[in-house]
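# Topology and contacts: notes
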Protein chains: 2
Amino acid sequence: MNDRMRIGDLTERAGVTPRTVRYYESIGLIPPGEREGHGQHYYTEETLARLRKIDQLKKLGLSLDEIRDVIDLYFIDPSGIQPKQKVLAILRQHLAEADQKIGALQQFRADLQANIERFERWFEETEHR
Amino acid sequence: MNDRMRIGDLTERAGVTPRTVRYYESIGLIPPGEREGHGQHYYTEETLARLRKIDQLKKLGLSLDEIRDVIDLYFIDPSGIQPKQKVLAILRQHLAEADQKIGALQQFRADLQANIERFERWFEETEHR
DNA sequence: TATCAATATGACGTTAACGTAACATTTAGG
DNA sequence: CCTAAATGTTACGTTAACGTCATATTGATA
């Protein structure tokens with residue numbers, strides 16, 4: 001497994017900037033790239049995958065703090081986790097919040113649809129008056 | 001229609017602070033409360049309704065800028081609107097974005113569900129080993 | 001080995017959406 | 001009429017999630 005890449009390749013493939021990678025490292029969202037002494041950092045495919053997953057979760061409206069709660073669940077094997085019940089609780093809470101958001105969004109979608117139809121009907125009337 | 005209320009009543013009923021109301025006024029999200037000369041501002045039920053709708057939309061992840069694009073559609077009669085096609089375009093775009101978000105959220109929800117079940121199964125195994 | 005692009009490392013800047021403190025005015029109530 | 005509570009007005013502070021220099025090293029290549 002020779003997937004050593006430098007930050008340039010990593011950021012290009014992930015669609016982020018080096019600043020973002022270093023920021024994520026600083027807040028513990030991604031593991032710090034390995035290095036020898038004080039040289040450059042080298043990253044792996046897994047870090048790339050994490051960056052992409054983080055991007056997905058961000059688009060759902062999750063903050064980086066919230067993402068940190070769940071991101072590991074995608075990448076580490078269960079046998080390494082200690083506070084098992086706590087993890088499950090977090091997961092279930094996120095599930096409930098997701099359901100909330102989905103419901104709210106569907107309501108919003110319905111409102112939009114209604115407004116669109118309202119405007120379209122109003123067009124019909126004024127165009128053919 | 002004697003629905004004159006001062007900022008205290010308004011904010012209490014809307015669940016926001018005076019600061020928020022004044023901020024929204026300053027960026028044109030809600031109309032400035034009427035007043036006589038340099039006295040206090042008086043608000044109406046419609047402003048209250050707007051505040052509540054803004055809150056709803058915020059929970060969907062819309063920024064105040066995006067909300068400003070659509071908020072009027074809930075409160076003004078269609079006959080007052082000029083750039084009709086433009087409004088429809090905005091609405092349709094928001095509809096598409098809502099569909100996107102809903103899809104992403106459902107995927108996320110499924111992921112969560114899968115992870116939860118994975119953990120639960122793992123519990124079964126380790127508890128009854 | 002010399003060099004130049006790619007990285008590393010601070011540190012200050014930025015935007016959104018308000019919070020909060022300070023001080024001046026207004027208004028309802030006794 | 002007078003006072004205390006509510007409101008108005010500045011203006012500086014705050015958090016998240018990075019952007020943007022400036023400067024110092026590092027490392028691939030001619």
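One numbering rule holds for all chains: residues counted from 1, following each sequence as written. The naming scheme follows written order: chains are lettered A onward, ligands numbered 1 onward. Only residues with pLDDT of 70 or above have their local features reported here, since the model is predicted, and side-chain atom pairs are shown and tallied only from 80 upward, although totals for entire chains, interfaces and linings are computed over all residues. Heavy atoms throughout the structure, all of them, feed into the side-chain values; hydrogens and water do not.

This brings us to the relation of the copies chain B and chain A. The fit set for superposing copies consists of C-alpha atoms from residues with pLDDT of at least 70 in both; the fit itself is least squares. You can overlay chain B on chain A at an RMSD of 0.2 Å; the transform is a turn of 180° with a shift of 0.0 Å along its axis. Taken together, the rotation angle and the small translation identify this as a two-fold axis.

So, on to the interface of chain B and chain A. Note on contacts: a residue pair qualifies if any of its non-hydrogen atoms lie within 4.5 Å across the two residues. With 38 residues of chain B at the contact, the number on the chain A side is 38 residues. A buried area of about 3,900 Å², summed over both sides, lies between chain B and chain A, and 74% of it is on carbon and sulfur atoms. The largest per-residue losses of area from chain B upon contact with chain A belong to Leu105, Phe108 and Phe119 of chain B, which jointly make up 16% of the total buried on that side. By definition, a salt bridge exists where a carboxyl oxygen of Asp or Glu is found within 4 Å of a side-chain nitrogen of Lys or Arg. Taken together, the connections running from chain B to chain A amount to six salt bridges. Between Glu120 of chain A and Arg92 of chain B there is a salt bridge, with its nearest N and O atoms 2.6 Å apart. Whenever a nitrogen or oxygen atom comes within 3.5 Å of another N or O atom, the pair is scored as a polar contact, on the condition that within protein one atom can donate a hydrogen and the other can accept it, and that pairs from neighbouring residues in sequence are kept only if both atoms are in side chains. Our count for the chain B to chain A interface comes out at six residue pairs in polar contact (both at pLDDT 80 or more). Of all the secondary structure elements, the ones that give two or more residues to the side of chain B that touches chain A are helix H3 (45–59) and helix H5 (84–127) of chain B. For the side of chain B that touches chain A, the class distribution of residues is 22 nonpolar, six polar and ten charged. Here the quantity called buried area is the total loss of accessible area, with a 1.4 Å probe, experienced by two parts when brought into contact, counted for both. By the criteria applied, helices consist of DSSP H or I runs no shorter than four residues and strands consist of E runs no shorter than two, each listed in order from the N terminus. Nonpolar residues are Ala, Val, Leu, Ile, Met, Phe, Trp, Tyr, Cys and Pro. Charged residues are Asp, Glu, Lys and Arg, and all others, Gly as well, are polar.

Residues are said to line a cavity or pocket when one of their atoms sits within 4 Å of a point; the points come from a 1 Å grid over protein atoms alone, cavities being sets where a 1.4 Å probe fits but cannot get out and pockets being open sets with protein on both sides within 12 Å along at least five of seven lines. Grid points are joined across faces, edges and corners, and a volume is the space filled by probe spheres set on the points. Counting across every chain of the model gives one cavity of 30 Å³ or more. Volume-wise, the largest cavity comes out at about 50 Å³. Together, Leu105 and Phe108 of chain A together with Leu62, His94, Glu97, Ala98 and Lys101 of chain B line the largest cavity. Where the lining of the largest cavity is concerned, the elements lending two or more residues are helix H5 (84–127) of chain A together with H5 of chain B. In terms of residues, the lining of the largest cavity owes the most to one element, H5 of chain B, which gives four residues. Taken together, the residues of the lining of the largest cavity break down into four nonpolar, one polar and two charged.

On to the protein's contact with DNA strand C. For this description, a residue counts as near a given molecule or strand if any of its non-hydrogen atoms is within 4 Å of it. Close to DNA strand C lie 19 residues; Arg22, Arg35 and His41 of chain A together with Thr17 and Tyr24 of chain B are nearest. The sugar-phosphate backbone supplies 75% of the atoms of DNA strand C found within 4 Å of the protein. At 3.0 Å, a backbone N or O of Gly8 of chain A approaches a phosphate oxygen of DNA strand C. The side chain of Thr17 of chain B places a nitrogen or oxygen atom 2.7 Å from a phosphate oxygen of DNA strand C. Every element with two or more residues in the surface near DNA strand C is listed here: helix H1 (7–14) and helix H2 (18–26) of chain A together with helix H2 (18–26) of chain B. Looking at which element gives the most residues to the surface near DNA strand C, the answer is H2 of chain B, with four residues. The class makeup of the residues in the surface near DNA strand C is four nonpolar, nine polar and six charged.

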